[in-house]
Amino acid sequence: MASNGVGALKGLAKIQTQKKEEADVCHDDCATPIKAQTIDQLHSLQKKKSAPNTPHENAHGVFSSGIPEIERQKQQLQSISASLASLTRETGPKLVKGDPERKHETPRVAHVQHFEPTIGVSDSALKFTHVLYNLSPAELYEQAIKYEKGSFITSSGALATLSGAKTGRSPRDKRVVRDETTEDQLWWGKGSPNIEMDEHTFMVNRERAVDYLNSLDKVFVNDQFLNWDPKHRIKVRIISARAYHSLFMHNMCIRPTPEELENFGDPDFTIYNAGQFPCNRYTHYMTSSTSIDLNLARREMVILGTQYAGEMKKGLFSVMHYLMPMRQILSLHSGCNMGKGGDVALFFGLSGTGKTTLSTDHNRYLIGDDEHCWSENGVSNIEGGCYAKCIDLSKDKEPDIWNAIKFGTVLENVVFDEHTREVHYSDKSVTENTRAAYPIEYIPNAKIPCVGPHPKNVILLACDAFGVLPPVSKLSLAQTMYHFISGYTALVAGTEDGVKEPQATFSACFGAAFIMLHPTKYAAMLAEKMQKHGATGWLVNTGWSGGSYGGSGNRIKLTYTRKIIDAIHSGSLLEANYKTTEVFGLEIPTEIEGVPSEVLDPTNTWPDKMAYKDSLLKLAGLFKKNFEGFTDYKIGKDSKLTEEILAAGPVF
């Protein structure tokens, strides 16, 4: 055998080919020839079109094909064009469906406005804007990774994204149009989250957002729903410039079926997310380059100067806090789960109280983790997904959240290994507010559809760092309203920077940043529904006992709290013996299975009784001071209910 390469080549056997009669090409005999002559044709074979076609009933009750597909798509584009229309010009923009980078693959279904040139014509009216309509997660991954810097696929399959300079909400930049209707309906003034703007200023910002979106080659459009109760669901349209925002809302809103999408029509509410473009600082009411504006009369929301996706989620929650009470439906910032026997519990609590941990129970179905409605039909989740905190996330502590971070999930502002793409959840380099947004179906025990019967238990969670509230108290209706309006917890070191000793914090209805009406209106609705459907109110302290934070106290063991919650769910706690505490007048059980009896009464756990009394009176004073802002609000025709709520507070 020759030692050099040439000799080796000469020694190779000659390949024999047999000429086929049917083609002048050489085929691999073990495979069927492909039906393509070019690489582009091969690529076109790779993707199969999936256009839904819903049969329509004709006048004789017989199902027919209905509107032709191309006509239906034109109507869809007309609706989107109307949403994107500038109000200073005669028409909306010219739209075409599909990715501008894939023109040879995209059917040219276009919506063209024909009109005579006027002074209102702009450059954006002379171009097509491509609409990427209700894309799938896989398509949005492609868009994000290809066009959005800072987008990566992590080792678990989730999409890591960056929200830009803003890594949290900007509540001081949120505005609500104050007009003849909202003047009397909404909560304005001291303590209210509603900062006013006028109609003209909203239209200036709307025009700025619409012009920005129309100047782009492509926009993402999501048509989706809010509220799993089909009788009371809301159609929402989100128009955005980033695949990240589109995927986020795909996960967080309820995803329509292809048939529902065909008949979607015009939305009930529209978001214009132009967050990459700032507002004009010289515009009236603007205090920064960021502005999140709600116009309830127009059913529109405008976002400028922030790319943080949570603004869309919470903006829509504010809208639901307005729309639902108008239908006598109570909107709630709460977690919700249901037992195997159909018993439903609501969980209210601020950050650090354990709301997510306690409402996630493998023995119960999860209806939702954050936003709910309570109507005449029972409870329903507003959203189609979960928005979980990721800081210090571990598989051992939060296995459900850990396992939900997979393909389709959006990971906001996390840090990961540049080679392995494994996420470092303890890394706060970008922000401490790292988040994961995923469809609720990713939770194994989620109840789909996310609806349930009327709640049996309403659980108010407080992390009392002063160590004086009992681990559990049974509340009267008036006490439930009082503590619901108060929305108490305490900040400790680790919750916020610079906190060295306990600081009481109050957030009306456990979500003051999102409510639109006066807190007492929501509280009165809650009491009415609880009374009608026989629900019981509970105050559960997940904080300290035996002393305050930083002193002689210790955090109440999670195992004890879980035993308490289990006793509430089972109904056994209703059968317990109770005694009444001083100052707050709370009814506390004398015994619970699995919980030491001495732990149930704070007076037993404090070694220094004088120190206990001082802390108790201090907290009672903070409650009383906080409630001063609500005492002048009259509920109903007289002030009787207001007086009942006030009497349910601490007495000293």
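Conventions we followed
Residues numbered from 1 in each chain as written. Predicted model: local features only at pLDDT ≥ 70, side-chain atom pairs only at ≥ 80, totals over all residues. Heavy atoms only, no water. Helix = DSSP H or I, 4+ residues; strand = E, 2+ residues; numbered from the N terminus. Buried < 20%, exposed > 50% of the residue type's maximum accessible area, 1.4 Å probe, protein only. Areas by Shrake-Rupley, 256 points an atom, 1.4 Å probe, with all protein chains shown as cover. Axes fitted to C-alpha atoms, helices over the stretch in contact; angles between N-to-C directions. Parallel < 35°, antiparallel > 145°, perpendicular 65-115°, else oblique. Contact = heavy atoms within 4.5 Å. Nonpolar A, V, L, I, M, F, W, Y, C, P; charged D, E, K, R; others polar. Pairing = 2+ DSSP bridges. Left-handed = near helix turned anticlockwise from the far one by under 90°. pLDDT = per-residue confidence, 0-100. Core = buried A, V, L, I, M, F, W, Y, C linked by side-chain atoms within 4.5 Å. Salt bridge = Lys/Arg side-chain N within 4 Å of Asp/Glu carboxyl O. Phe/Tyr/Trp six-rings, centres within 6.5 Å; stacked < 30°, edge-to-face > 60°. Expected span 1.5 Å × (residues − 1). Arc of directions from axis to C-beta. Polar contact = N/O pair within 3.5 Å; in protein donor to acceptor, adjacent residues only side chain to side chain.

1. Focus on the overall build of the chain
At step 1: For the chain, the helix and strand inventory stands at 17 helices and 35 strands.
At step 2: Expressed as a percentage of the 652 residues in the chain, the buried residues total 53%.
At step 3: Accessible surface computed for the chain: about 30700 Å², of which carbon and sulfur atoms make up 51%.

2. Here's the deal with the packing of helix H12 (residues 477-486) against helix H16 (residues 609-627)
At step 1: Axis separation between H12 and H16 bottoms out at 10 Å; the angle between their running directions is 80°. Classed by the angle they form, the pair H12 and H16 counts as roughly perpendicular. Across the interface between the two elements, Tyr 482, His 483, Ile 485 and Ser 486 from H12 touch Phe 623, Lys 624, Asn 626 and Phe 627 from H16.
At step 2: Of the residues assigned to the contact of H12 with H16, the class counts are four nonpolar, three polar and one charged.

3. Focus: the sheet that holds strand S20 (residues 378-381)
At step 1: Pairing is antiparallel across the open sheet formed by four strands, whose spatial order is S15-S19-S20-S26. Each having just a single partner strand, strand S15 (330-333) and strand S26 (451-452) make up the two edges of the open sheet.
At step 2: Judged from the four bridges that link them, strand S19 (residues 371-375) and S20 form a sheet pairing that is antiparallel. Bridge assignment links His 372 to a residue of S20, and that residue is Asn 381.
At step 3: Along the sheet face, helix H9 (residues 310-326) touches S15 and S19 and points at about 150° away from the line of S15.

4. Considering the sheet that holds strand S22 (residues 410-412)
Note on sheets: strands pair through backbone hydrogen bonds, and any given pair is parallel or antiparallel.
At step 1: The strand order across the open sheet built from five strands is S6-S7-S22-S25-S21, with neighbouring strands paired in mixed fashion. A strand with exactly one partner marks an edge of an open sheet, and here the two such strands are strand S6 (152-153) and strand S21 (385-389).
At step 2: With three bridges connecting them, S22 and strand S25 (residues 435-439) associate as antiparallel partners. Residue pairing in the sheet places Glu 412 in a bridge with Arg 435 of S25.

5. Quick look at the packing of H12 against helix H13 (residues 519-533)
At step 1: The contact between H12 and H13 brings their axes to 9 Å, and the two run at 145°. Judged by the twist between their axes, the crossing of H12 over H13 is right-handed. Contact with H12, carried on its side by Leu 477, Thr 480, Met 481, Phe 484 and Ile 485, involves Pro 519, Thr 520, Tyr 522, Ala 523, Ala 524, Leu 526, Ala 527, Met 530 and Gln 531 of H13 and no other residues of that element.
At step 2: Of the residues belonging to the contact of H12 with H13, the class tally is eleven nonpolar, three polar and no charged.

6. Considerations on the confidence of the model for the chain
If pLDDT is low for a region, its predicted coordinates should not be looked at in detail.
At step 1: Summary statistics for the chain give a mean pLDDT of 88 and a share of 85% for residues scoring 70 or more.
At step 2: For residues 25-29, every residue scores under 50 in pLDDT, and the model assigns this stretch three contacts once sequence neighbours within four places are set aside.
At step 3: For residues 52-65, every residue scores under 50 in pLDDT, and the model assigns this stretch 21 contacts once sequence neighbours within four places are set aside.

7. Overview of the nonpolar core
At step 1: Counting residues in each nonpolar core, the largest one holds 126 residues, and the members touching the most others are Trp 374, Ile 405, Leu 411, Phe 484 and Phe 584.
At step 2: The biggest single contributor to this core is H9, with eight residues.
At step 3: Listed in part, the 26 residues of the second largest apolar core include Val 131, Ala 241, Tyr 272 and Leu 304.

8. Notes on the pattern of salt bridges
Opposite charge on two side chains permits pairing when their charged atoms draw close.
At step 1: Tallied over the full model, the rule gives 20 salt bridges.
At step 2: Linking Glu 148 and Arg 242 is a salt bridge whose minimum nitrogen-to-oxygen distance equals 3.2 Å. Here Glu 148, found in the loop between helix H4 (137-147) and S6, pairs with Arg 242, found in the loop between strand S11 (234-240) and helix H7 (243-252); they are 94 residues apart in sequence, far enough to count as distant.
At step 3: The class for Glu 148 is buried, based on a relative accessible area of 11%.
At step 4: Here Lys 231 and Glu 376 are joined by a salt bridge, their closest N and O atoms 3.1 Å apart. Of the two residues, Lys 231 is situated in the loop between strand S10 (218-226) and S11 and Glu 376 in the loop between S19 and S20; the sequence distance between them amounts to 145 residues.
At step 5: One connected set of salt bridges, linked through shared partners, spans Lys 313, Lys 314, Lys 355, Asp 370, Glu 371 and Glu 383.

9. With respect to the packing of aromatic side chains
At step 1: For the coordinates displayed, the defined rule picks out 20 aromatic pairs.
At step 2: Aromatic side chains Phe 248 and Tyr 387 sit 5.1 Å apart centroid to centroid with 85° between the ring planes, which places their arrangement in the edge-to-face category. Linking Phe 248 in helix H7 with Tyr 387 in strand S21, this pair joins segments that are 139 residues apart in sequence.
At step 3: Look at Phe 248 and you get buried, because its relative accessible area is 0%.
At step 4: Overall, Tyr 387 belongs to the buried group, its relative accessible area being 10%.
At step 5: Relative to Phe 623, the ring of Phe 584 lies with its centre 5.2 Å away and its plane at 80°, an arrangement referred to as edge-to-face.

10. Let's talk about the environment of Glu 591
At step 1: Mapped onto the elements, Glu 591 comes out in the loop between strand S35 (587-589) and helix H15 (602-605).
At step 2: Taking relative accessible area as the criterion, Glu 591 reaches 55% and is therefore assigned exposed.
At step 3: It is 9.9 Å that separates the C-alpha atoms of Glu 591 and Asp 601, two residues lying ten residues apart in sequence.

11. A closer look at unusual backbone geometry
At step 1: Along the chain, Ile 448 connects to Pro 449 via a cis peptide bond; the corresponding omega equals -5°.
At step 2: For Gln 328, which is not glycine, the phi torsion reads 65° and is therefore positive.
At step 3: Looking at the element boundaries, Gln 328 is found in the loop between H9 and S15.
At step 4: For Gln 328, a relative accessible area of 53% corresponds to the exposed category.
At step 5: Of note in the backbone geometry, Arg 421 takes a positive phi value of approximately 65° without being a glycine.
At step 6: Looking at the secondary structure, you find Arg 421 in the loop between strand S23 (415-416) and strand S24 (423-424).

12. Some thoughts on H16
At step 1: With 19 residues, H16 should reach 27 Å at 1.5 Å per residue; the first-to-last C-alpha distance of 27 Å fits that figure.
At step 2: Restricting attention to buried positions, one finds in H16 the residues Tyr 612, Ser 615, Leu 616, Leu 619, Ala 620, Phe 623 and Phe 627. The buried residues of H16 all sit within an arc of 135° when viewed along its axis, so they share a single face. Exposed side of H16, more than 90 degrees from the buried face: Met 610 and Lys 625 are the residues found there.
At step 3: Next to the buried residues of H16 lie H12, strand S29 (488-491), strand S30 (503-506), H15 and helix H17 (640-647).
At step 4: Where H16 begins, the side chain of Asp 608 points an oxygen toward the backbone nitrogen of Met 610, at a separation of 3.2 Å.

13. Details of the side chain of Asn 205
At step 1: When you line up the elements, Asn 205 lands in helix H6 (residues 199-215).
At step 2: Take Asn 205: its relative accessible area is 0%, and that puts it in the buried class.
At step 3: Not counting chain neighbours up to four residues away, the residues in contact with Asn 205 comprise Met 197, Cys 279, Thr 283, Met 286, Ser 291, Asp 293, Val 302 and Leu 304.

14. Overview of the environment of Leu 77
At step 1: Within the secondary structure, Leu 77 is located in helix H3 (residues 69-83).
At step 2: Distance from Leu 77 to Tyr 133, taken between C-alpha atoms, is 9.6 Å for residues 56 residues apart in sequence.

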